[in-house]
Amino acid sequence: MPIEEICKTLFIILVIVAGLAPIITWIERKQSALMQDRIGANRADIGGITVLGLLHPMADVLKLMTKEDVVPQGANRMMHMLAPLIAALPAIIAFGVIPWGGIYSFGDTTIKMVAADPDWGLLYIFAIGSIATYGAIMAGWASNNNWSLLGGLRASAQMISYEVTLGLSVVGIFMVFETLKLTDMVMAQDTTLRVFGFIEVFGGTVPAFLDWVRLPAWGIFYQPLGFVMFLTAMMAENKRPPFDAPEGESELIAGYFLEYSGMRFGLFYMSEFIEVIVIAGVVSTIFLGGWAIPFLDQATIIGGIGSFMGEGFATGLCVILHFMTFMLKLIVMIWLQMLLRWTLPRFRYDQVMNLCWKGLLPLSIANILITGAVMLLVRG
Amino acid sequence: MVPIEHVIGLSSILFVIGMIGAATRRNLIVVLMSIELMLNAVNLAFIGFNRLWPGTAEAPALDGQIFVLMVITVAAAEVAVGLGIIISMIRNRDSVNLEEVSLLRW
Amino acid sequence: MEVSAILFYIFAVMAVVSALGMVLNVRNTVAASLSLVVTMIALAAIYVLLEAYLIAVIQIMVYAGAIVVLFLFVIMLLNLREDDFAPGRQWLVKFGAGLLGVFVLIQLLKLVGPGLPEVPVVPEGYGGYRQLGILLYTDYVLLVEMASLLLLSAIVGALILAKRNID
C-alpha cells in the first residue's frame, strides 16, 4: 500500500518535524528566560500582536532564508554544500520507525500507526545515528578553518565513543522485552507491573492488599540505570550542552559550523532540534511506554467504552487518546532535555571522554550482568 | 531477486578494484582502505552464497553470515592496529608514503 | 524486471563507481574515504536485498559508523594536506597491477560460471537477530570468545603503537 506509506511519511515530515521543531525553539527560549529570570522571547510582533513570542520561530526562518550564503575562501565547495544536508537527513529519517500509536483494527482493516516497522527497529536508529557523524566531520573539514577542523575532530571522537555506550546501555531493555521491534516493545509496556511479584520467585504468596500495588510496566521501572545512561549517551550524541565541547564558543567560536551562514547554518541548527525530538521519541518509546496510557490498556478501553458506544467509536477514541499520550510524553521529554541544557555547565573535553569510557561504559556492562542474573532468577 | 552469479560478479569486481588500489597506491591510508574494500567484497560473496543455501526455519544454515561477523571483527582489529602504525610512522618519518618505509629499523 | 533487481543494479553501480572513486582519487584522501563510505552503504543496501538484515545494520554501524570515521579522524588529526598524496610515476607498476586485476577478475568470474541453483525462498526469520544470536552463542561460542581476545589484543597493540612513550 504505497498510498498509506506516503501519507504516514508526509505526516511525520509535516506534523512532527516541521510542526514541532519551530515550537521547540520557542520552548527553549521560554525555558531559558524562565531559568535566567527574564521575560524571554516577546519582541517579534505583527502589528503589535506577539502571541507569547510564538512569532519568533517565523522571524528566525525568515532571517535565515534571506541571509547571504557565504562559502569561505579555500573551502571544498561541494562538501561544504553537502555537509548540512548530511547532518539533517539522519535526524529526520530516524522518525520512520518510532510508533506514534498502536495497531488498531476497524472491522477487517488494520491500521498501524508507524511509517515502517522492521524487526530490527532499534538497531535501525543506532545505524542512522552512526551516519550522523559525517555531517559534523565534513563540515569541519570542508570549511578550511582550524577551529572548524578541531570542532569536527572533537565531534567525531565524541560521537564514536558515545555510540558504544548507547548500544550497551539498552541491552538490558532488549533482554527484558526480548525484542528489538519498537511496536512490540510498546505493546509489552501496555500493561501493569506487580511491584511485590518478586515474593513468588522465592516461593511465597503475595498478600491480596500488596498485589494491588502496581506500576505501569514501563522500561524505566525495569531499567532505571539504563534509562539514565541511555538519555546521557543520546544527549552526548546530539552535541548540545552540556556536551557541546565540539562547538564550545569560548574555545572554538562555533566549532564545526563556524563557517556556515544563512539557511545552511539554519539546517545545522534545525537538525539539533529535530534530534531533540528524536531523542524524546526514542526514550519515551522504549522507557516510558510510548503511546501506552498508564493503568489503562487498549483492551480495557475498547471493552469498556465499546460495550455501549460501539467498537468502532471506542477504537477511534483509542487512536486519539494514544496519540495524545505519546505527544504528552514527547513534550515532557523535550522539556526535560531543555531543563538539563540550561542547568548544567559545559563539560571540559577530557571530562566528556572520561564520563564515557570510565563512567558509563563499565556501568552499562555491570547493568547487563545484573539484568541477566535477575532474569535468570525470575524467568528461570 | 537477481541470480546470485551477478552478486558474485559484483563481489569479484570490487575485490579486484581493492586489489589494484592496494598494489598501486603509495599512500598507506589508501592502501588500508583498499584492504577494507577487499574484505567487504569477500563479505558480499559470503552473504550471496549463504542466500543460496539458507537452511530451514528449524535448522538455519547461517555459517556465511557468522563468517561475515568474524571478518568485520578482524577488519576492526586490523584498522585499529593499522592506524596505530600510521601514527607512529608519521611521528618517525613525517609522511605516509610507502616508498619511504625502506629501513628495517628506525 | 522486479523492483528488487532494479534496486540491486542501482546499488551495484553505486558501489563500483564509489570504489573506483576511492582508488583513483589521488589528490584528496578525505574525499577518497568518503567514497569508501558510499561503497559501504551501498553494500549494506545489497545485504538488505539479500535478506541479511542484521549484517546490513552491523555493516553500517561498524564500517560506516566506526572504521571509516577512524580513518577520517587520523587523516584530519595528522592534518595531511593534499600535496602529500601526489603519487610517483610508476607506469610499470600500474600497468602490471591492471593486467593482474583483469586476470584475477577473469579467473574469479570463471569460478562462478553456470551451475548455481535458483535462489530459494528464505525460511521464516532468516538473517534476523534471533537465529544468528542463538547460533553465535551455542555452536559458535568459541569463535565469539576468540573474537573478543583478538579485539583485546588489537586494543593493546594500537595503544602501544600510537602512544609516544609508555610509562
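All values derive from a computational prediction rather than experimental measurement.

A. Up close: the overall build of chain B. For chain B, the count of helices and strands is three helices and zero strands. The linear arrangement of helices and strands in chain B, starting from the amino end, is α-α-α. Against the 2.2 N^0.38 benchmark of 13 Å for 106 residues, chain B shows a C-alpha radius of gyration of 18 Å, more extended than a compact globule. Residues classed as buried in chain B amount to 52% of the 106 residues present. Contacts in chain B between residues far apart in sequence, at least 24 positions, make up 49% of those at least 6 positions apart.

B. Molecular detail of the interface of chain C and chain B. Contacts between the two partners involve 72 residues from chain C and, on the opposite side, 63 residues from chain B. Of all elements in the fold, only α1 (3–24), α2 (29–49), α3 (53–77), α4 (91–112), α5 (129–138) and α6 (141–162) of chain C reach the threshold of two or more residues within the side of chain C that touches chain B. For the side of chain C that touches chain B, a count of residues per class yields 57 nonpolar, eleven polar and four charged.

C. Expanded view of the nonpolar core. Ile277(A), Val283(A), Leu14(B), Ile46(C), Val57(C) and Val68(C) are the most contacted members of the largest nonpolar core, which has 170 residues in total. Per-element accounting of this core gives the leading share, 18 residues, to α3(C). Once residues lying within four places of it in the same chain are set aside, the contact partners of Val57(C) are Trp120(A), Leu123(A), Tyr124(A) and Ala127(A).

D. Representation of the domain arrangement of chain A in the model. All names here are of chain A. Each assigned domain of chain A is listed here: domain 1 (18–66) and domain 2 (70–379). Taking the mean C-alpha position of each, domain 1 and domain 2 sit 26 Å from one another. Contacts between domain 1 and domain 2 engage eleven residues on the former and 14 residues on the latter. The leading source of residues in the side of domain 1 that touches domain 2 is helix α1 (residues 2–35), at nine residues.

E. Layout of the environment of Leu32(B). Residue and element names in this part refer to chain B. Considering the arrangement of structural elements, one finds Leu32 in helix α2 (residues 28–52). Leu32 sits 14 residues away from Gly18 along the chain, and the two C-alpha atoms are 9.7 Å apart. When near neighbours in sequence (up to four residues on either side) are disregarded, Leu32 contacts Val79 and Gly82.

F. Expanded view of the arrangement of the chains. The top pair by number of contacts, from a total of two pairs of chains in contact, is chains B and C. A gap remains between chain A and chain B, which never touch, and the nearest two C-alpha atoms on either side lie 13 Å apart.

G. Representation of the pairing of strand β2 (residues 109–112) of chain A. All names here are of chain A. With four bridges joining them, strand β1 (residues 103–106) and β2 adopt antiparallel strand pairing. Within β2, the residue paired with Phe106 across the bridge is Thr109. Between β1 and β2, which pair antiparallel one after the other, the connecting turn spans two residues, and Gly107 there sits at a positive phi close to 60°.

H. Helix α8 (residues 182–189) of chain A, seen in detail. All names here are of chain A. The buried count for α8 comes to six of eight residues, which makes it a mostly enclosed element. Every buried residue of α8 is accounted for by Leu182, Thr183, Met185, Val186, Met187 and Gln189. Tucked into the core, α8 has its buried residues touching β1, α4 (121–131), α7 (171–177), α11 (219–222) and α14 (262–286).

I. Summary view of the interface of chain A and chain C. Contacts between the two partners involve 20 residues from chain A and, on the opposite side, 17 residues from chain C. Taken together, the elements giving at least two residues each to the side of chain A that touches chain C come down to α4, α5 (133–142) and α6 (146–169) of chain A. Examining the composition of the side of chain A that touches chain C, we find that seven residues originate from one element, α6(A), more than from any other. Looking at the side of chain A that touches chain C residue by residue, the class counts come to 14 nonpolar, four polar and two charged.

What counts, and at which threshold
Residues numbered from 1 in each chain as written. Chains lettered and ligands numbered in written order. Predicted model: local features only at pLDDT ≥ 70, side-chain atom pairs only at ≥ 80, totals over all residues. Helix = DSSP H or I, 4+ residues; strand = E, 2+ residues; numbered from the N terminus. Rg over C-alpha atoms; globule rule 2.2 N^0.38 Å. Buried ≥ 20, exposed ≤ 12 C-beta atoms within 10 Å, placed from the backbone. Contact = placed C-beta atoms within 7 Å. Nonpolar A, V, L, I, M, F, W, Y, C, P; charged D, E, K, R; others polar. Core = buried A, V, L, I, M, F, W, Y, C linked by C-beta atoms within 7 Å. Domains from an automatic or database assignment. Pairing = 2+ DSSP bridges.

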